[in-house]
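# Structure at a glance
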Amino acid sequence: MFKTIRRDLKRLHGTVSRLGGEVADADCFPFLGTVAAQVVGCESCVFHICDPITGELTRKSISGTQVEPPADSLAVQVISTRRAILRDRILCQPILSHDGEQVIGALELAGKQDGTFSPADMAFAETLARHVAVTVEQSFLAQETFAAIERFQDKTRRLLTITLGLGATIVAIVLVQSAAALTTSELLSDMAKFWSEL
């Protein structure tokens, strides 16, 4: 049994590694949920992911992505207590950041077909939660990086616009003042000096 779980974990790890920051892709969570449900022998696997910016809880499963209102659900309890909950035929495992400091979400395995979750099932859920945490953190980091790049590009565009506007204004002032007082050769010499100092 442990050989099968180890093999499935290696395959799952390879898939998660290949997906990298593609957590937003609609195929990632349904695939992981399907594999996890088959490995553990349950009817469904749902990922409840907290958005670090908005705090919104999103439910990702085989059927797609839905925004969940904060409610008294098992996932919300697991997220708030940071502890796994085993109730009836449901196992809900917290998804913690790589350093264990933040709760990223919860992994919910429901409808255990043989009725009880074994220690191996619980170990699998913990391992899957760690792998999902890495993937989700990579996705959030990629989103933050792209947002920072966009902000930098926007600021650079604005600075360039301001610089070009100021440069044109300075050149116009220099030209007007110089034209009134200097000859053409003196004007060209002053302009060359001005541009070389920038």
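Residues numbered from 1 in each chain as written. Predicted model: local features only at pLDDT ≥ 70, side-chain atom pairs only at ≥ 80, totals over all residues. Heavy atoms only, no water.

We now examine the packing of aromatic side chains. Summed over the entire model, instances satisfying the criterion amount to one aromatic pair. Taking 5.0 Å as the distance between ring centres and 50 degrees as the angle between the ring planes, the aromatic pair formed by phenylalanine 29 and phenylalanine 47 counts as tilted. Of the two residues, phenylalanine 29 is situated in helix α2 (residues 28–40) and phenylalanine 47 in strand β1 (residues 42–50); the sequence distance between them amounts to 18 residues. By relative accessible area, phenylalanine 47 is classed as buried at 0%. (Phe/Tyr/Trp six-rings, centres within 6.5 Å; stacked < 30°, edge-to-face > 60°. Helix = DSSP H or I, 4+ residues; strand = E, 2+ residues; numbered from the N terminus. Buried < 20%, exposed > 50% of the residue type's maximum accessible area, 1.4 Å probe, protein only.)

It is the rolling of a water-molecule-sized probe over the atoms that shows where space remains empty. The space that makes up the largest pocket amounts to roughly 220 Å³. Lining of the largest pocket is provided by Cys50, Asp51, Pro52, Gln102, Val103, Ile104, Glu137, Phe140, Leu141 and Glu144. Elements represented by at least two residues in the lining of the largest pocket include exactly β6 (103–112) and α4 (119–181). Split into classes, the residues belonging to the lining of the largest pocket amount to six nonpolar, one polar and three charged. (1 Å grid on protein atoms, 1.4 Å probe; cavity = no way out; pocket = protein on both sides within 12 Å on 5 of 7 lines; lining within 4 Å. Points joined across faces, edges and corners; volume = space filled by probe spheres on them. Nonpolar A, V, L, I, M, F, W, Y, C, P; charged D, E, K, R; others polar.)

Within strand β2 (residues 57–61), four of the five residues are buried, which leaves it mostly tucked inside the rest of the structure. Where β1 meets β2, four bridges bridge the pair, whose relative direction is antiparallel. By the bridge assignment for β2, phenylalanine 47 is matched with lysine 60. If you look at the hairpin formed by β1 and β2, you'll find six residues sitting between the two strands, and glycine 55 has a positive phi there, around 80 degrees. (Pairing = 2+ DSSP bridges.)

The next point concerns the environment of alanine 129. Tracing the chain through its elements places alanine 129 in helix α4. Exposure remark for alanine 129: the relative accessible area of 3% places this residue in the buried category. Contact partners of alanine 129, with chain neighbours within four places excluded, come to Gln93, Pro94, Ile95 and Leu107. (Contact = heavy atoms within 4.5 Å.)

This part covers the confidence of the model for the protein. The predicted model of the protein has a mean per-residue pLDDT of 77, with 68% of residues at 70 or higher. The spread of mean pLDDT over the elements of the protein runs between helix α1 (residues 2–19), the lowest at 56, and strand β5 (residues 90–96), the highest at 94. When the criterion is pLDDT under 50, residues 19–26 qualifies, and its contacts beyond four places in sequence or with other chains add up to 12 contacts. (pLDDT = per-residue confidence, 0-100.)

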